[in-house]
Amino acid sequence: EENTLSLRFINDEHRRVAATGQVTWYDWHGEVIDTWPFETKLSEDDNQLVWHCDLDILNERKHQGFFYVVMDCEGKTATNVWFDDAYKRLPLRKSDICTEVKTHADGRVFVTFSSSVPAFFVHPEFSGEGRFSDASFTLMPCSPVTVEYIGNATAVQLEAGLTVYQ
């Protein structure tokens with residue numbers, strides 16, 4: 001494992017759990033270079049290698065893209081991103097992030113974020129009081145992210161005071 005990029009899952013539950021997901025290697029435009037699905041069952045207090053890639057392969061394509069992992073474990077989804085260099089040295093495309101603020105029938109307010117190219121470390125902030133159900137995330141083309149606003153502002157107020165950092 002020393003000369004590989006590895007993805008390990010750790011189960012710190014005291015019960016067996018199942019996990020499925022996919023590792024995808026994207027270029028900076030959001031086009032797929034390669035993809036690897038995975039499925040595993042982890043025993044209690046287990047630590048498993050679920051995917052790896054030889055570093056020689058990564059070095060051949062240095063700065064040509066990034067890895068994005070989406071994992072589902074018993075209905076909960078988690079994501080992760082890996083870059084082959086310091087973020088500020090990468091040839092990232094500028095992303096134009098679009099937002100849509102809506103109030104659901106039950107009165108809760110949600111913001112949906114989208115982008116035509118990958119956008120990393122997306123961070124919504126509101127000038128008033130309140131918070132978001134997710135404070136930092138990655139946006140992928142064709143995969144909008146919806147977060148809940150938790151606070152007392154209306155959708156109109158939220159939209160007026162919403163700033164998105166990246």
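Each remark here, short or long, concerns the structure printed above.
Residues numbered from 1 in each chain as written. Predicted model: local features only at pLDDT ≥ 70, side-chain atom pairs only at ≥ 80, totals over all residues. Heavy atoms only, no water.

**A word on the environment of Lys 62**
Quick note on the threshold: To qualify as a helix, a DSSP run of H or I must reach at least 4 residues; to qualify as a strand, a run of E must reach at least 2; elements of each kind are numbered from the N terminus. It only takes one pair of heavy atoms within 4.5 Å for two residues to be counted as in contact.
By secondary structure assignment, the location of Lys 62 is in the loop between helix H1 (55-60) and strand S5 (66-73). The contacts of Lys 62, once residues within four sequence positions are left out, are Asp 84 and Asp 85.

**Focus: the packing of aromatic side chains**
For the record, the criterion: Two aromatic rings from Phe, Tyr or Trp, using only the six-membered ring of Trp, form a pair when their centres are within 6.5 Å; if the ring planes differ by under 30 degrees the pair is stacked, by over 60 it is edge-to-face, and anything between is tilted. Using a 1.4 Å probe on the protein chains alone, a residue whose accessible area is under 20% of its type maximum counts as buried, one over 50% counts as exposed, and one in between counts as partly exposed.
Counted by the stated rule, this structure contains 21 aromatic pairs. Taking the centre distance of 5.6 Å and the plane angle of 20° together, the rings of Tyr 26 and Phe 66 count as stacked. Highlighted residues: Tyr 26 in strand S2 (residues 17-26) and Phe 66 in strand S5, separated in sequence by 40 residues. Taking relative accessible area as the criterion, Tyr 26 reaches 14% and is therefore assigned buried. Owing to a relative accessible area of 0%, Phe 66 belongs among the buried residues under this scheme. With a centroid separation of 6.3 Å and 45° between ring planes, the pair formed by Phe 66 and Phe 83 is classed as tilted. Linking Phe 66 in strand S5 with Phe 83 in strand S6 (residues 76-83), this pair joins segments that are 17 residues apart in sequence.

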